Amino acid sequence: MPEIIVKLGDSIVQKNIFVKESIRIGRVPDNEIIVENLGVSRYHAVIDCEDGRYLLTDLDSSNGTFVNGVRIKKTELQDRDVITIGKYTLEFHSEADKPEHVDQMDGTMILKTKQQKELLDGDRQQRELVNRIGGSALIGLENTGLAEYRIDREVTTLGKAKFVHIRAKGFLLSGIQAKIVKEGENFFLMNLGRKGKTLLNGEPVTRAQLKNGDILQVGKSTFRFIEDK
């Protein structure tokens with residue numbers, strides 16, 4: 001009987017005994033494995049048992065499903081494979097110790113940890129924020145005019161000019177230093193001005209897809225990107 005161990009860092013937060021023909025993984029409550037993180041899609045991936053083989057399929061998730069570090073669309077799982085979804089890792093074990101009264105179990109045991117609780121609390125705050133704002137947002141962290149900026153345009157400009165959507169501060173900053181472009185359901189950060197003045201998670205960028213929780217720096221202004229998905 002296979003087992004899936006869900007980890008956050010080194011801490012085990014969930015164990016799931018494979019007692020059904022299909023296990024769905026995602027953020028909303030009707031999944032068999034619930035991973036409450038905004039980097040995880042509502043219905044992110046599914047594991048199906050077919051003729052004794054366990055097949056993992058990505059359900060067109062926003063941020064992808066990875067097995068042993070490789071992004072997959074569909075693959076057969078092998079013993080000790082490590083699945084990465086958002087901030088979590090899921091270890092697939094082809095055999096697990098048989099629990100007592102399996103017929104009375106739904107297959108899941110949740111182990112609460114301090115680290116998981118802190119992450120879930122943070123995710124709830126983010127969900128409350130995007131629900132209140134009504135979409136994706138930038139949170140002003142340092143040297144920003146506002147605490148929150150809704151990102152609802154096809155193009156959002158950032159820079160020193162008076163006409164940009166989000167004013168940023170900094171020496172030698174261009175009038176339009178950067179822009180955030182919405183392409184489909186995804187957002188991309190693009191540098192338009194001086195090199196080295198637009199950073200994503202501490203690294204200079206020319207163009208990069210934004211992920212939930214990313215830190216943007218435009219000049220001396222710092223923002224956190226919160227994604228509504």
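**Topic: the pairing of strand 3 (residues 22–26)**
Direction of pairing for strand 3 relative to strand 5 (residues 45–50): antiparallel, over a ladder of 4 bridges. Among the inter-strand pairings, Arg24 is bridged to a residue of strand 5, identified as Val46.

**Thoughts on the pattern of salt bridges**
Inspection of the entire model under this criterion finds 8 salt bridges. With a closest N to O distance of 3.7 Å, Asp30 and Arg24 form a salt bridge. A salt bridge links Asp60 to Lys73, with the nearest nitrogen and oxygen atoms 2.6 Å apart. Of the two residues, Asp60 sits in the loop between strand 6 (53–58) and strand 7 (65–67) while Lys73 sits in the loop between strand 8 (70–72) and strand 9 (74–76), which places them 13 residues apart along the sequence. Classification of Lys73 by relative accessible area gives partly exposed; the value is 46%.

**What about the side chain of Ser61?**
With respect to the helices and strands, the residue Ser61 is situated in the loop between strand 6 and strand 7. Among the polar contacts made by the side chain of Ser61, one reaches the side chain of Asp58 at a distance of 2.6 Å. With sequence-adjacent residues up to four places away left out, Ser61 is seen in contact with Ser41, His44 and Arg71.

**Remarks on the side chain of Asp214**
Mapping Asp214 onto the fold places it in the loop between strand 21 (207–209) and strand 22 (215–218). Of the side chains with opposite charge, Lys211 lies nearest to the buried Asp214, which makes no salt bridge, at 7.5 Å. Polar side-chain contacts of Asp214 include one of 3.0 Å to the side chain of Asn201. Excluding anything up to four places from it in sequence, Asp214 contacts Leu200, Asn201, Gln209, Phe223, Arg224 and Phe225.

**Some words on the sheet that holds strand 3**
Here we have 5 strands laid out as an open sheet, ordered 4-3-5-6-9, and mixed in their pairing. Among the strands making up the open sheet, the edge pair consists of strand 4 (33–34) and strand 9.

**Considerations on the sheet that holds strand 19 (residues 198–200)**
Spatial ordering of the open sheet is given by 14-13-23-22-19-20, a layout of 6 strands whose pairing is antiparallel. Every interior strand has two partners, whereas the edge strands, strand 14 (148–150) and strand 20 (203–204), have only one. In the sheet, strand 13 (residues 137–142) pairs with strand 14 via 3 bridges, with the strands oriented antiparallel. In the strand pairing of strand 14, Leu138 is matched with Tyr149.

The rules behind these values
Residues numbered from 1 in each chain as written. Predicted model: local features only at pLDDT ≥ 70, side-chain atom pairs only at ≥ 80, totals over all residues. Heavy atoms only, no water. Pairing = 2+ DSSP bridges. Helix = DSSP H or I, 4+ residues; strand = E, 2+ residues; numbered from the N terminus. Salt bridge = Lys/Arg side-chain N within 4 Å of Asp/Glu carboxyl O. Buried < 20%, exposed > 50% of the residue type's maximum accessible area, 1.4 Å probe, protein only. Polar contact = N/O pair within 3.5 Å; in protein donor to acceptor, adjacent residues only side chain to side chain. Contact = heavy atoms within 4.5 Å. Lys, Arg positive; Asp, Glu negative; His and termini not counted.

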